[in-house]
There are 2 protein chains.
Amino acid sequence: MNLEIGPINKSSLSKQVADQLQEAILEGTLKADDRLPTEEELAQRFQVSRPTIREALKRLAAKNLIRSRRGPTGGSFVNHLGTNELSDHLTTATTLFVSMNDVSLDEISSTRLEMESYCFRLACQHRTEEDLKRLEQHLIYQKNKNISPEEFCAADVRFHRAIADSSHNKMLSFIMYTLIEALQPVSNMIAYRFREREIITSQHERIFNAISNQDRKLACAILEEQINYLQQLHEEAQENHQQ
Amino acid sequence: MNLEIGPINKSSLSKQVADQLQEAILEGTLKADDRLPTEEELAQRFQVSRPTIREALKRLAAKNLIRSRRGPTGGSFVNHLGTNELSDHLTTATTLFVSMNDVSLDEISSTRLEMESYCFRLACQHRTEEDLKRLEQHLIYQKNKNISPEEFCAADVRFHRAIADSSHNKMLSFIMYTLIEALQPVSNMIAYRFREREIITSQHERIFNAISNQDRKLACAILEEQINYLQQLHEEAQENHQQ
DNA sequence: ATAAGTTAATTTGTCATACAAATATAAAAT
DNA sequence: ATTTTATATTTGTATGACAAATTAACTTAT
């Protein structure tokens, strides 16, 4: 005689608490840098034990929604989520999605080409002097031949991110950050050889000049060249690997 | 005399454990549907207490990386992360990003227009008979005038998602899922009036026909019409609100 | 009086233990 | 043979205690 009425709370208490707190953050009841009640207070309010509250808080911490500090002025605080704070979070999600769903390199690079072209067009229109200055600094750093492969990759990411930011469209920047990351595993393979480094860097230099001169067509053409180049290198690497 | 050598473990134990497990999942050591050791076993292996292990597991659960079940055959299992599983996760991140960084509706809708146009072009090229059948089913459901506003919104999301999937580019689908969600708060305002519902539905019908006939230009034109229409409604609503 | 050091208070982090709830398996009763 | 019952396993929750970090107030020495 299973006559349960109403939607029974099937999920665990820690999840329910986490969801309620998240809702408060999303609604704006809890704003950025606000301090949450102490764990003990939360436990009393929600009528659950402290470990349960802690599990809930860790759920939020995993999503980067809150941070915690010890001590008298410590506690849990609502995070301000900018592009940078969310990027590492999105990176793991994207990486997992790509690996678990057998997303092909072609799918990634064609999507990225389409979107980054849009970025380039906007950047050519709206780039400020500060944008150009930032891009140039990244470029100079990249030319340094003493940096490690890892540093070169990171610099590559930063350069493309800077262009995305130069579009002055925050939504677009946000999306591009994930797409740039998605293609990184491929770029990583390349950064070890110096000759390829030089090619990439020179392409970046030409892109910089094109954006500086607000030449949309040229900028997009070089981008396409670079993405095709990466794809080609990847195919060669795979063939070598199969032998 | 602060001579600590080496990178001290600054983060909490539960975070360290969570990171290690996540790394194992990302690397492929733990594959989808694999079962993790029991909490007690994990506690022994990592030499920490069970509550600490639990906090770590809840961190992973918050990211949708694992699921848990009770009982003899229960435990924690690695999730298979498809587009759907990740989308709700990304949705909260996107929603927060939009609200916390004052992303304008214009930034969102222009980005979405650009990306969804690309979707439409690909969908016109690659749509299969199954794709069309799915789209038609969503359309039929949407025409039903008895569904609640919430259901109408959800149906709207599903329709646009189905088009994204019809592009047969998984990376693009993944990105589009977040973008569609980001514009939902605006659409939600609209679904309450029946006249607007009819306009939206008729636009969807025309989009369906265009994709069915592989008419790229027409499909994209109607999309632009719809997004502009939403933006216009939003502006009107804001003006009314200010009065 | 000022500066340094010390103590106390607050809050998160961790641990140990116990029990409740769910669930599958095997045994027992109908 | 089918249903019921018992039982073992595993996550979920509660309680209590202590450790570690950090700030504020206080004390002491110069």
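What counts and how
- Residues numbered from 1 in each chain as written.
- Chains lettered and ligands numbered in written order.
- Predicted model: local features only at pLDDT ≥ 70, side-chain atom pairs only at ≥ 80, totals over all residues.
- Heavy atoms only, no water.
- Helix = DSSP H or I, 4+ residues; strand = E, 2+ residues; numbered from the N terminus.
- Rg over C-alpha atoms; globule rule 2.2 N^0.38 Å.
- Buried < 20%, exposed > 50% of the residue type's maximum accessible area, 1.4 Å probe, protein only.
- Areas by Shrake-Rupley, 256 points an atom, 1.4 Å probe, with all protein chains shown as cover.
- Lys, Arg positive; Asp, Glu negative; His and termini not counted.
- Charge placed at Lys NZ, Arg CZ, Asp CG, Glu CD.
- Patch = residues over 30% accessible without salt bridge, like charges linked within 9 Å, V, L, I, M, F, W, Y side chains within 5 Å.
- Salt bridge = Lys/Arg side-chain N within 4 Å of Asp/Glu carboxyl O.
- Near = heavy atom within 4 Å.
- Polar contact = N/O pair within 3.5 Å; in protein donor to acceptor, adjacent residues only side chain to side chain.
- Nonpolar A, V, L, I, M, F, W, Y, C, P; charged D, E, K, R; others polar.
- Least-squares fit on C-alpha atoms with pLDDT ≥ 70 in both.
- Contact = heavy atoms within 4.5 Å.
- Core = buried A, V, L, I, M, F, W, Y, C linked by side-chain atoms within 4.5 Å.
- Phe/Tyr/Trp six-rings, centres within 6.5 Å; stacked < 30°, edge-to-face > 60°.
- Buried area = accessible area lost by both parts, 1.4 Å probe.

**Q** Whenever I open this one, the overall build of chain A confuses me. Can you help?
**A** Within chain A, the regular secondary structure consists of 11 helices and 2 strands. Here the C-alpha atoms of chain A give a radius of gyration of 23 Å, more than 25% beyond the 18 Å that 2.2 N^0.38 yields for 243 residues. Across its three principal axes, chain A shows a C-alpha extent of roughly 65 × 45 × 35 Å. The buried share among the 243 residues of chain A stands at 51%. Counting only carbon and sulfur atoms, one obtains 49% of the accessible surface of chain A, whose full area is about 12,700 Å². In chain A, 29 positive and 35 negative side-chain charges are present, and the distance between their average locations comes to 6 Å.

**Q** Help me understand a negative patch on the surface, please; the structure alone is not making it clear to me.
**A** All names here are of chain A. Taken together, the side chains of Asp106, Glu235, Glu236 and Glu239 define an acidic patch exposed on the protein surface. It is helix H11 (residues 216-242) that contributes the most residues to the negative patch, 3 residues altogether. Along the chain, the position of aspartate 106 falls in helix H5 (residues 105-126). Take aspartate 106: its relative accessible area is 47%, and that puts it in the partly exposed class.

**Q** Would you take a moment to explain the protein's contact with DNA strand D for this structure?
**A** Near DNA strand D you find 25 residues, and of these A:Leu13, A:Ser49, A:Pro51, A:Pro72 and B:Arg50 are the closest. Among the atoms of DNA strand D lying within 4 Å of the protein, the sugar-phosphate backbone contributes 65%. Within the side chain of B:Arg70, one N or O atom sits 3.0 Å away from a sugar or linking oxygen of DNA strand D. The separation between a sugar or linking oxygen of DNA strand D and a polar main-chain atom of B:Gly71 is 2.9 Å. When its residues are assigned to classes, the surface near DNA strand D shows 5 nonpolar, 11 polar and 9 charged.

**Q** Please explain the protein's contact with DNA strand C as it appears in this structure.
**A** Near DNA strand C you find 25 residues, and of these A:Arg50, B:Leu13, B:Thr52, B:Pro72 and B:Thr73 are the closest. Contact between DNA strand C and A:Arg54: a phosphate oxygen at 3.0 Å from a side-chain N or O atom of the residue. At 3.0 Å, a side-chain N or O of A:Arg70 approaches a sugar or linking oxygen of DNA strand C. Those elements giving two or more residues to the surface near DNA strand C turn out to be helix H3 (50-62) and strand S1 (66-69) of chain A together with helix H1 (13-27) and helix H3 (50-62) of chain B. When the residues that make up the surface near DNA strand C are grouped by side-chain class, the tally is 5 nonpolar, 11 polar and 9 charged.

**Q** When you look at the relation of the copies chain B and chain A in this model, what are you seeing that I'm missing?
**A** Relating the two copies of this chain is a rotation about some axis coupled with a shift parallel to it. Expressed as a screw transformation, the operator carrying chain B onto chain A has a rotation angle of 180° and an axial translation of 0.2 Å, and the superposed copies differ by an RMSD of 0.3 Å. Given the turn and translation reported, the copies of this chain are related as if by a two-fold rotation axis. Of all interface residues in chain B, 100% are interface residues in chain A too; the two copies therefore contact each other through one and the same surface.

**Q** When you look at the nonpolar core in this model, what are you seeing that I'm missing?
**A** Across soluble globular proteins, nonpolar side chains have a tendency to be buried as a group. In terms of nonpolar packing, the biggest core is built from 126 residues, with A:Met171 and B:Met171 touching the most fellow members. The contact partners of A:Met171, leaving out residues within four places of it in the chain, are B:Thr94, B:Val98, B:Val103, B:Glu107, B:Ile108, B:Thr111, B:Leu179 and B:Ala182.

**Q** Sorry if this is basic, but what is going on with the pattern of salt bridges here?
**A** Pairing is possible between side chains that carry opposite charge, provided their charged atoms lie close to one another. Counted by the stated rule, this structure contains 26 salt bridges over all chains. A single network of salt bridges, built from pairs that share partners, joins A:Glu39, A:Arg50, A:Arg54 and B:Glu55.

**Q** Before we go on, may I ask you to explain the packing of aromatic side chains in this structure?
**A** Between two aromatic rings, the relevant description is the distance of the centres plus the angle of the planes. Overall, the coordinates contain 2 aromatic pairs over all chains when judged by the stated rule. Note on A:Phe97 and B:Phe174: the rings are 4.3 Å apart at their centroids and 15° apart in plane angle, and the pair reads as stacked. Here A:Phe97 is found in helix H4 (residues 83-100), whereas its partner B:Phe174 is found in helix H8 (residues 170-182) on a different chain. Summarising the burial analysis for this pair, A:Phe97 and B:Phe174 share the class buried.

**Q** Sorry if this is basic, but what is going on with unusual backbone geometry here?
**A** Outside of glycine, negative phi angles account for most residues, and trans bonds account for most peptide bonds. Not every positive phi belongs to a glycine, and A:Gln214 is a case in point at roughly 55°. Backbone geometry places B:Gln47, a non-glycine residue, at a positive phi of 60°. Structurally, B:Gln47 is set in the loop between helix H2 (39-46) and H3. A residue is classified by how much of its surface remains accessible, and B:Gln47, at 68% relative accessible area, is exposed.

**Q** What exactly am I supposed to notice about the interface of chain B and chain A here?
**A** Interfaces are often sized by the accessible area lost when the parts come together. Facing the 50 residues of chain B at the interface are 50 residues of chain A. Between chain B and chain A the total buried area reaches about 4,400 Å² when both faces are included, carbon and sulfur atoms providing 68% of it. Of all residues in chain B, B:Phe97, B:Met100 and B:Met171 give up the largest surface area on contact with chain A, accounting jointly for 16% of the area buried on that side. Between chain B and chain A we count 6 salt bridges in total. A salt bridge links A:Glu114 to B:Arg121, with the shortest nitrogen-to-oxygen separation between them at 2.6 Å.

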